[in-house]
Amino acid sequence: MNRRKFIRSVGATGVAVATLPTIVDSFAVKALAGGGTNLERLLGTSDRVLVLIQLQGGNDGLNNIIPVSNSIYYENRPRLSIKKNATLPLTDTLGWHPALAGFRDLYDSGRLAIVQGVTYPNPNRSHFRGTDIWLTATDAEVFGTSGWVGRYVDTFAPAFPDVLPPHPLAVQIGTSLSLGLLGPRGAMGVTFRDPDEFYRLVNSGGAIEEIPATDLGDTPAGREVEYMRNIARSADTYAAVVKQAADAAIASTITYPNTDLAGKLKVVSQLISGGLQSRVYLVSMTSGSFDTHAGQVLTDDPTQGAHAALLRELGDAVNSFMTDLKNKGLQDRVAGMTFSEFGRRVAENGSIGTDHGTAAPLYVFGSRVNSAIFGSDPDLVNLDERGDMLMQNDYRDVYAAMLLQWFAEPSSLAQNVLYRDFSSTAVPIFDSTVSVAETRRGQTFGFRSVSPNPASGDVSINVYIDAFEDAGIDISNVQGRMIRSHTVDSFSGSASFNVSDMPSGTYVLTLRSGRFIAHTLLQVQH
Amino acid sequence: MVNLSPRSAALTIDDALHLIRRATFHPTWQLASSLAGQTPGMAVETLMALSPPIPMPDWADDPPEFSDFAAAAKLWPELQRWWIGHCIANVSMRERMMAMWHNHFTSDYVTVYAAMWMTTQSAMLRSKVYNFRDMALGIIGDPAMLRYLNGEQSIKGNPNENFGREWFELFTLGVGNYVERDIIEAARAFTGWRINGLTGVYNPQLADLGEKTILNQTGEWAYDDVVRITLEQPACARWIAQKIIKMFVEYFPEAETIEQVAELIRTNDYNIRPVMASLLSSEYFYSESLRGALIKGPMDFSIGLSSIFGLTNLSPAYVVGIMSSLSQVPFYPPSVEGWKGHRLWINSTLFPSRQRIAEAFLDGREAGSSMRLRDANDTPLTIDFVELVKQMPNYNTAEKVVENVARLLLPIQTSAQQREILLDIMMAGAPTYSWDINSGTAPSRIKLLMQAITRMPEFQLT
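Keep in mind that what you see is a predicted model, and the values were worked out from it rather than measured. (Residues numbered from 1 in each chain as written. Chains lettered and ligands numbered in written order. Predicted model: local features only at pLDDT ≥ 70, side-chain atom pairs only at ≥ 80, totals over all residues. Heavy atoms only, no water.)

1. Section: the overall build of chain B
Consideration 1: The secondary structure content of chain B amounts to 23 helices and 4 strands.
Consideration 2: For chain B, the C-alpha atoms occupy an extent of roughly 80 × 55 × 35 Å along the three principal directions.
Consideration 3: Taken across its 462 residues, chain B has 61% of its residues classed as buried.
Consideration 4: On chain B, roughly 16,600 Å² of surface is accessible, and the fraction owed to carbon and sulfur atoms is 51%. (Helix = DSSP H or I, 4+ residues; strand = E, 2+ residues; numbered from the N terminus. Buried < 20%, exposed > 50% of the residue type's maximum accessible area, 1.4 Å probe, protein only. Areas by Shrake-Rupley, 256 points an atom, 1.4 Å probe, with all protein chains shown as cover.)

2. A short note on the nonpolar core
Consideration 1: Grouped together as the largest cluster of nonpolar side chains are 158 residues, with contacts concentrated most on Leu19(B), Phe132(B) and Trp167(B).
Consideration 2: Here this core gathers at least three residues from each of two domains, domain 1 (13-50 + 234-290) and domain 2 (385-460) of chain B.
Consideration 3: Ignoring sequence-local partners within four residues, the contact set of Trp167(B) consists of Ala136(B), Ile139(B), Ile140(B), Thr172(B), Leu173(B), Phe190(B), Val226(B), Val227(B) and Thr230(B).
Consideration 4: Of all hydrophobic cores here, the second largest spans 123 residues; its members include Leu100(A), Leu106(A), Met285(A) and Ala426(A). (Core = buried A, V, L, I, M, F, W, Y, C linked by side-chain atoms within 4.5 Å. Domains from an automatic or database assignment. Contact = heavy atoms within 4.5 Å.)

3. Observations concerning the domain arrangement of chain B
Residues and elements named next belong to chain B.
Consideration 1: Segmenting chain B into domains produces domain 1 (13-50 + 234-290) and domain 2 (385-460).
Consideration 2: Here the C-alpha centroids of domain 1 and domain 2 sit 30 Å apart.
Consideration 3: The interface of domain 1 with domain 2 comprises 8 residues on the first partner and 9 residues on the second.
Consideration 4: Overall, the association of domain 1 and domain 2 removes approximately 740 Å² of surface from exposure, summing both partners, and the carbon and sulfur fraction of that is 52%.
Consideration 5: Its largest share of buried area at the contact with domain 2, domain 1 owes to Asp14, Arg21 and Trp29, together 74% of the area lost on that side.
Consideration 6: Across the domain 1-domain 2 interface, the total number found is 1 salt bridge.
Consideration 7: Notably, a salt bridge pairs Asp14 with Arg407, separated by 3.0 Å at the nearest N-O pair.
Consideration 8: For the pair domain 1 and domain 2, the number of links is 5 residue pairs in polar contact (both at pLDDT 80 or more).
Consideration 9: Mapped onto the side of domain 1 that touches domain 2, the elements with two or more residues apiece are α1 (13-23) and α2 (29-35).
Consideration 10: Considering every element that reaches the side of domain 1 that touches domain 2, the biggest residue donor is α1, with 4 residues.
Consideration 11: Split by residue class, the side of domain 1 that touches domain 2 holds 4 nonpolar, 2 polar and 2 charged. (Buried area = accessible area lost by both parts, 1.4 Å probe. Salt bridge = Lys/Arg side-chain N within 4 Å of Asp/Glu carboxyl O. Polar contact = N/O pair within 3.5 Å; in protein donor to acceptor, adjacent residues only side chain to side chain. Nonpolar A, V, L, I, M, F, W, Y, C, P; charged D, E, K, R; others polar.)

4. Comments concerning helix α8 (residues 115-127) of chain B
Residues and elements named next belong to chain B.
Consideration 1: Between its terminal C-alpha atoms α8 stretches 18 Å, which fits the 18 Å expected from 13 residues at 1.5 Å a residue.
Consideration 2: Burial analysis of α8 places 10 of its 13 residues in the buried class, which makes it a mostly covered element.
Consideration 3: Listed in full, the buried residues belonging to α8 are Ala115, Met116, Trp117, Met118, Thr119, Gln121, Ser122, Met124, Leu125 and Arg126.
Consideration 4: Residues of α8 that are buried make contact with α5 (75-89), α6 (93-102), α7 (109-112), α9 (132-140), α10 (143-148) and β1 (193-196). (Expected span 1.5 Å × (residues − 1).)

Spelled out as structure tokens, the structure:
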């Protein structure tokens, strides 16, 4: 049974999923559709994971997904261009760089999406500003001090930093902490290269008596004491948690390539399979830089060279990672995306390389992605004043897809994280997400009736809610895209609206009140 | 508004420690007690006068030419040891200023390639360390910078914008205070420079001296006009002011505070010496709430360990190694933006790494190894714990030892409860009245105390 059919059948039989309560712990505060093919799976607590792969230096997108029938590409890149017959076929007009065979395999087997022309308005061509913008998810003109991942996972830790979640909310495999993981209230993740090394570092000191902090209050010094104490505490707390997960991991039955990125992704797979409940993993490719100003390709073979080696490392590592996850039965829980601070200029430069540019494709991988190309082929005619490509997708349209579709977050939360509402432009990367009841045992909350259902005109809804809480109902399509909202009269617990202007199909109704959320499905039939 | 007026009260030992933690790499009891009792203004003058010359490496004047990569790369560790060794062995506020400017007018040895260009740049900045205008002028024709940001490849008619962009974005104004057009025009004015041996040579014949409009001023501007026009912008003084405040006072200053310091910079026409003198002797600088408000960088941390514990002859190679493992490779900033610093110096791996390094240090060995700490000639070094404590008053009382060692090692005052626990750690079960600085167990007890303090998260603050 495919997923869409499954949702339809649930709706048709009138099962209000929200009436089945789910027990959630205080930190896994959302229960989401896991994407399985049974109701238990649908009601499972959220265990979805996002893996971010940073490609430092500015990945040359035009030499990833080659516009094989565009003569402008070949005219602008006499020495760098890759001949059509050397590419791996993708569409009539696009071909894969041969080094991306790993990605091509994922794409052909329905596990990879390509988002074309990703950047932001007024793109910055500086590495550090560009990187900061991507990590902080701000407009080009805004200097953010916290990362979008940090702001997102911060919402799972209401009592942070006084109470640390039992597992780190985000993990960075590496040595330095990324701005991306800084939340508004401090560092939201842990950073380590290797779980065992991390454990040894934290625990190899002598028997340590805890010396409590002095409370300096909310002063500049007090805030830094607090920051340092938090880092110390999360290192102490999480070294053991991470080690435990690493030790409990399911052994990989495949051999990863012997590369920097593959090694890092192997650790990620190890930790997920060992039960670490981190939401987001961040890894960075540090074996080489994508900043290919010179010597990007070999002079006698443009399919080989420094850039090709990086692409091969990337594609092969992610392919192995996905195979490993599949073998471990984890593939439905994990999605990943690549990002790089910018693409590169259309025209090659004088030193067999390319200079800083703007828009470029990025990749989203996972068993639940819509394997498709989002956006049209690169437009090499209409360029900006520097000879760089124009934006097709704002990078935050991809982040919004992650939050709204993958993590099934409400658009209000996504808006808080991304500083703006991208819900209407979110790229429909994921098939669908339906989040289900979030409630406490014994508490009555949810949809009581939706009638008529299927509907073609007026719909009346009755809900169980606390009479003193404000409540609202959001209507979204099964892609998770919000259509509109209605308020609920909290005293009578009723709402009504008209669906005559909505196309036939399945819609998700989301009831929100206080800290509770419930969902049900509505069929519109004209 | 913060109070920038000079503080008149004589420095206490705690005030003096605060000053030297921020203005030098040598926050020792000895130096602090020599400054205690002076007015802040006098003390700052004393520190600024500490500026021992740094002998140049013997290859510094060699031509920047190498037979192969290995020959060039062989000098890079020597370059690192040259500067870091000087900083370990000498108390010098000038080097503290250099740490800021090296992170401002950045260059890295891999891109620049020839270590002698890096020493040339370092020497140029060092000679102008208290004058921003001179540094800004000097950096334009600096060979390392001409190489690092492609200035030598920038030609009239087809200028390379790399330096022009960073000039405004990172070196002088900050984003939002210029437009893309200014970069293009300034890049034209920056043409004409070539490298000849160890010198940048300006050839007006090669420079684009045509009419250009930069920051709304139109004329036939050359590179020095760009400096003049840029420094006339109020934003330039603000940019430098926030840099200085973040390095020396607090990381999250109010906009108004930045403006106040910027005004000082303007009044003194970018002469930084009087600015530093005013700032470091102001009531603002000595506010209690700002003590401990910065996170030590790897340089503060590692050189601080060697200086506080009296090992100023420690092998520079080991200190370079520590700094590198803590994400600050000397002369190799991650990008032209430099090290971001402050909170990004610390994470769940780097904090326990620092704890282990300090523990091992107090055990007299290198981190993660049983190798003894050594000087540059491989002679093992020993920390004299008793001698360290004997510099402090009341060392015959255990409670006073705890109190003073904590004052030395931590930038914030300890609570009675903290001192009580630390006392327990030091005495390790023995009664307090049995404390005897001359007993055979005193060194190991002091070491236990110091290890406990260096493990505290607060030890990473300054």
